[in-house]
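Read off the chains here:
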Amino acid sequence: MLRLRHIEIFHAVYRCGSISAAARELNVSQPSVSKVLRHAEDQLGYPLFERGRSGLIPTAAAHELFDKAKDVYGDVRALNQLAKNIRERRGGHVRLGVLPSLGLSIVPEAIATYRRVQPEVSFEINTLHSSEIAEALFQQGCDIAIGYGAPMNARLVTQELGRSELLLVARHDQFAGRDSVSLADLDGVEFIGLRDSGPCGDLFSDQLSRAGVTLREVVTARTYYVAMSLVRHGVGVAVIDSFTAAFNEDPEIRLLRFQDPIRYSVNAVTADSVDTGTGERTNQAELVDGFLDVLRAVISRTHSVH
């Protein structure tokens, strides 16, 4: 029953509190705002505002509708911004889905390096968790996802960009005089665990099971960054990826390697697709491949292990 123009006018009047203020915000005449608002109320079959001496007072129905109307209005504004961005693109556009730890470390460095050579190429970065990679690719929410491990799906193509290792983060008064630890050293130690930590968490759990080590998990967090903050405050120790560690150097904490390194791969994942023959897929693939070459070089220079 409501059209986008109705929603735009209702949204403005609700926020501004008057017909005149809404008209100024939308840069239209007051009569046009009044006309659209009346038409919206006619379509709905009930009033949205009570006309009082002090101005317009939203009805209970208006309050309820506004919760949804603001979301629709926000989506329309985002759509308009996207349309503008598409118009202004000249050298191509790459949409990335990245884990938070990579989105704060190597990916920005790789984008900066790439754009020094290809300044017309634009990027969009969306952070996601490992469990969201497949859905994001299948729904075309991103062109490529950068993460750890390889999703088990025949429709996804995975290529390794490099390898790194898990590290133990602890306060300076723990494991004094040492720069490495064994898994056995963690038996019974107060530990900060990570919920839904993806392939790295699974890898670490498998290593603990093989070693017969039981952790004394005193806090469970959702991100490596929260875990590091807890370590800083003396709550316990945590195991994190090397990218998070490199981005969060802190004099209050220290990093220790495992004597038997626990290594993981950094992978690029794409949805398997077929060239349509138009050249569009080929051009996009070239952009993605060029960026991945840069990202692979960044990983090799700063983090890669063998």
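The structure this text deals with has already been given above.
Here we summarise the structure given alongside this text. What you see is a predicted model; the values in this text were computed from it and never measured. (Residues numbered from 1 in each chain as written. Predicted model: local features only at pLDDT ≥ 70, side-chain atom pairs only at ≥ 80, totals over all residues. Heavy atoms only, no water.)

So, the packing of helix 1 (residues 4–16) against helix 3 (residues 30–44)
Our working rule: The axes used here are C-alpha line fits, helices contributing only the stretch in contact, and every angle between their N-to-C directions lies in the interval 0 to 180 degrees. To qualify as a helix, a DSSP run of H or I must reach at least 4 residues; to qualify as a strand, a run of E must reach at least 2; elements of each kind are numbered from the N terminus. Geometric relationships in this document are graded by angle, where less than 35 degrees denotes roughly parallel, more than 145 denotes roughly antiparallel, 65 to 115 denotes roughly perpendicular, and other angles denote oblique. The crossing is said to be left-handed when, going from far helix to near helix, the turn is anticlockwise and less than a right angle, and right-handed when the turn is clockwise. We call two residues contacting when some pair of their heavy atoms lies within 4.5 Å. The nonpolar class holds Ala, Val, Leu, Ile, Met, Phe, Trp, Tyr, Cys and Pro. Asp, Glu, Lys and Arg form the charged class, and all remaining residues, Gly among them, are polar.
The contact between helix 1 and helix 3 brings their axes to 9 Å, and the two run at 110 degrees. Looking at the two axes, helix 1 sits roughly perpendicular to helix 3. The element helix 1 and its partner helix 3 pack so that their crossing is left-handed. Within the contact between the two elements, helix 1 uses Arg 5, His 6, Ile 9 and Val 13 and helix 3 uses Val 33, Val 36, Leu 37, His 39, Ala 40 and Gln 43. Its residues assigned to classes, the contact of helix 1 with helix 3 comprises six nonpolar, three polar and one charged.

A look at the pattern of salt bridges
Put simply, the rule is: Whenever Lys or Arg places a side-chain nitrogen within 4 Å of a carboxyl oxygen from Asp or Glu, that contact is recorded as a salt bridge. Each residue is assigned to one of three classes by its accessible area relative to the maximum for its type, calculated with a 1.4 Å probe on protein chains only: buried under 20%, partly exposed between the two thresholds, exposed over 50%.
Scanning all chains against the criterion turns up 11 salt bridges. In this structure, the salt-bridge partner of Glu 109 is Arg 301, at a minimum N-O distance of 2.5 Å. Taken together, the positions of Glu 109 in helix 6 (residues 106–117) and Arg 301 in helix 11 (residues 280–302) put the pair 192 residues apart, joining distant regions of the chain. What makes Glu 109 partly exposed here is its relative accessible area of 31%. Taking the relative accessible area as the measure of exposure, Arg 301 reaches 54% and is therefore exposed. Measuring nitrogen to oxygen at the nearest pair gives 3.9 Å for the salt bridge that ties Arg 171 to Glu 252. Taken as a pair, Arg 171 in strand 6 (residues 156–171) and Glu 252 in the loop between helix 10 (242–247) and strand 11 (253–258) lie far apart in primary sequence, 81 residues in all.

Notes on the packing of aromatic side chains
The cut-off we apply is this: Each aromatic pair joins two rings of Phe, Tyr and Trp (for Trp, the six-membered one) with centres within 6.5 Å, and gets the label stacked for planes under 30 degrees apart, edge-to-face for over 60, and tilted for any other angle. Both a distance and an angle decide whether a charge sits over a ring: NZ of Lys or CZ of Arg must be within 6 Å of the ring centre and within 35 degrees of the ring normal.
Within this structure, the stated rule accounts for 12 aromatic pairs. Here Tyr 14 and Phe 66 contribute two aromatic rings whose centre-to-centre distance is 4.0 Å and whose plane-to-plane angle is 10 degrees, an arrangement assigned as stacked. Residue Tyr 14 is found in helix 1, and its partner Phe 66 is found in helix 4 (residues 60–88); the two are separated by 52 residues along the sequence. Accessibility assignment for this pair places Tyr 14 and Phe 66 in one class, buried. Between Tyr 148 and Tyr 264, the aromatic rings sit 4.8 Å apart at their centres with planes inclined by 65 degrees, giving edge-to-face as the arrangement. With Tyr 148 in strand 5 (residues 144–148) and Tyr 264 in strand 12 (residues 263–271), the pair connects residues that are 116 residues apart, well separated along the chain. Residues Tyr 148 and Tyr 264 agree in their burial class; the two are buried. The structure contains a cluster of three or more aromatic residues connected by ring pairs, namely Phe 10, Tyr 14, Phe 49 and Phe 66. Residue placement shows Arg 155 over the ring face of Phe 138; its charged tip is 4.0 Å from the ring centre.

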